Amino acid sequence: MKLLIIEDEKLIADNLKYGLEQHRFSVDVAYTGEEGYKLVNDFNYDVIILDLMLPDMQGEELCRKLRQEKNETSIIMLTAKKQLGNIIDGLNYGADDYITKPFEFLELLARVRALMRRSSKNKENLFSYREIKLDLDKEQVFIGDKEIRLTKKEFMILEYLLRHKSQLISRNQLLEHAWDRNVDIFTNIVDTHIKNLRKKLGKYGNYIITIYGSGYRIPDEGSERH
Ligand code: CA
């Protein structure tokens with residue numbers, strides 16, 4: 001899943017990006033509000049982590065602007081200001097959650113996942129299709145009871161397909177959600193990872209259906225076609 005961090009403190013932003021990437025998110029960083037605003041309009045993020053104190057604008061201001069423009073991306077506010085007033089303002093401006101600095105990385109991670117659960121119909125951190133199970137909390141994939149070792153990208157691709165069962169997912173969607181914005185969109189990198197993922201899934205690899213010229217799809221449980 002794809003996250004955007006809008007935070008001018010480079011050390012915090014870069015550490016957060018690194019940490020979240022280790023937990024199988026694709027992460028973009030903006031160091032100013034303006035840059036963040038531009039990225040939000042160019043890409044589809046699942047969650048935005050927004051610092052309140054930015055050099056060119058207040059986080060609340062950006063949050064309000066996005067909501068006025070009917071952007072419904074989940075937003076977690078980062079604030080060093082512990083005053084209740086700022087927190088209430090942030091929530092009134094349309095933020096979904098907030099966390100005060102300094103914060104524990106694992107708490108932020110849990111809040112990001114909680115927000116993603118809230119905005120999806122899947123209320124658990126568990127995704128599955130027939131024998132394949134993906135556990136987000138443990139960051140493990142199983143076929144039946146047997147664990148399958150996937151690379152981060154393979155995991156992210158499988159997660160995205162399982163989250164959107166029965167939907168046709170294009171290569172561009174996978175590129176957008178499993179890679180950051182620096183990816184070269186003209187490579188066949190997605191096909192290569194799908195190929196490796198299928199190989200690791202063995203005979204269950206054909207649960208990932210290729211829609212020629214369009215993308216990939218994992219069927220819904222009810223469907224027997226695979
Ligand atoms: Ca700041």
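Thresholds applied
Residues numbered from 1 in each chain as written. Predicted model: local features only at pLDDT ≥ 70, side-chain atom pairs only at ≥ 80, totals over all residues. Heavy atoms only, no water. Domains from an automatic or database assignment. Contact = heavy atoms within 4.5 Å. Buried area = accessible area lost by both parts, 1.4 Å probe. Salt bridge = Lys/Arg side-chain N within 4 Å of Asp/Glu carboxyl O. Helix = DSSP H or I, 4+ residues; strand = E, 2+ residues; numbered from the N terminus. Core = buried A, V, L, I, M, F, W, Y, C linked by side-chain atoms within 4.5 Å. Buried < 20%, exposed > 50% of the residue type's maximum accessible area, 1.4 Å probe, protein only. Pairing = 2+ DSSP bridges. Axes fitted to C-alpha atoms, helices over the stretch in contact; angles between N-to-C directions. Phe/Tyr/Trp six-rings, centres within 6.5 Å; stacked < 30°, edge-to-face > 60°.

An account of the domain arrangement of the protein chain is requested, with residue identities and associated values reported.
If you check the domain split of the protein chain, you get domain 1 (2-119) and domain 2 (126-217). Using only C-alpha atoms to locate each centre, domain 1 and domain 2 end up separated by 26 Å. Between domain 1 and domain 2, the contact holds 19 residues from the first and 14 residues from the second. Interface area for domain 1 against domain 2, summed over the two sides, is near 1,500 Å², with a carbon-plus-sulfur share of 45%.

I'd like to hear about the pattern of salt bridges, residue by residue, with values.
For side chains of opposite charge, pairing can occur when their charged atoms come near one another. Under the criterion given, the structure shown has 19 salt bridges. With a closest N to O distance of 2.7 Å, K10 and D14 form a salt bridge. With K10 and D14 both in helix α1 (residues 10-22) and four residues apart, the pair spans about one turn of that helix. Between D180 and K17 there is a salt bridge, with its nearest N and O atoms 3.1 Å apart. Within this pair, whereas D180 is found in the loop between α7 (171-178) and α8 (189-201), its partner K17 is found in helix α1, the two being separated by 163 residues in sequence.

Describe the nonpolar core, and please don't skip the residues or the numbers.
Core analysis: the largest hydrophobic core is formed by 51 residues, its most contacted members being L20, F25, V112 and L158. Looking at which element gives the most residues to this core, the answer is helix α6 (residues 152-163), with seven residues. Each of domain 1 (2-119) and domain 2 (126-217) gives at least three residues to this core. With residues up to four places along the chain from it excluded, the contact list for L158 reads I132, L134, V141, L150, L197 and I218. Judged by nonpolar contacts, the second largest core, of 18 residues, contains L39, Y45, C63 and M77.

Got a sec to walk through the sheet that holds strand β4 (residues 74-79)? Specific residues and values, please.
Pairing is parallel across the open sheet formed by five strands, whose spatial order is β2-β1-β3-β4-β5. Taken across any chain shown, the strands that pair with only one partner, and hence form the sheet edges, are β2 (26-30) and β5 (97-100). Averaged over all pairs of adjacent strands, the angle between strand axes in this sheet comes to 20 degrees, irrespective of strand direction. Of the strand pairs in this sheet, strand β1 (residues 2-6) and β2 are connected by five bridges, and their pairing is parallel. When the sheet's bridge partners are listed, L3 is paired in β2 with V27. Of the strands in this sheet, β1, β3 (47-51), β4 and β5 are in contact with helix α5 (residues 105-118), which crosses β4 at around 155 degrees.

Help me get a handle on the packing of aromatic side chains, residues and values and all.
Working definition: an aromatic ring pair is given by the centre-to-centre distance plus the angle between the planes. Enumeration over the complete set of coordinates arrives at three aromatic pairs. Arranged with centres 5.0 Å apart and planes meeting at 85 degrees, the rings of Y129 and Y207 form a pair that is edge-to-face. With a gap of 78 residues between them, Y129 in strand β6 (residues 126-129) and Y207 in the loop between α8 and β11 (209-211) connect regions that are remote in the sequence. Like Y207, Y129 is buried.

Requested: an account of the sheet that holds strand β8 (residues 140-143), with residues and values cited.
Taken together, the four strands give an open sheet; going across it, the order is β6-β7-β8-β9, and neighbouring strands pair in antiparallel fashion. Edge positions in the open sheet fall to β6 and β9 (146-148), since each of these has one partner strand only. Across the sheet, the mean angle from the axis of one strand to that of its neighbour is 25 degrees, orientation sign disregarded. Strand contacts of α6: β6, β7 (132-135) and β8, with the helix running at about 110 degrees to β7, the strand carrying the most contacts.

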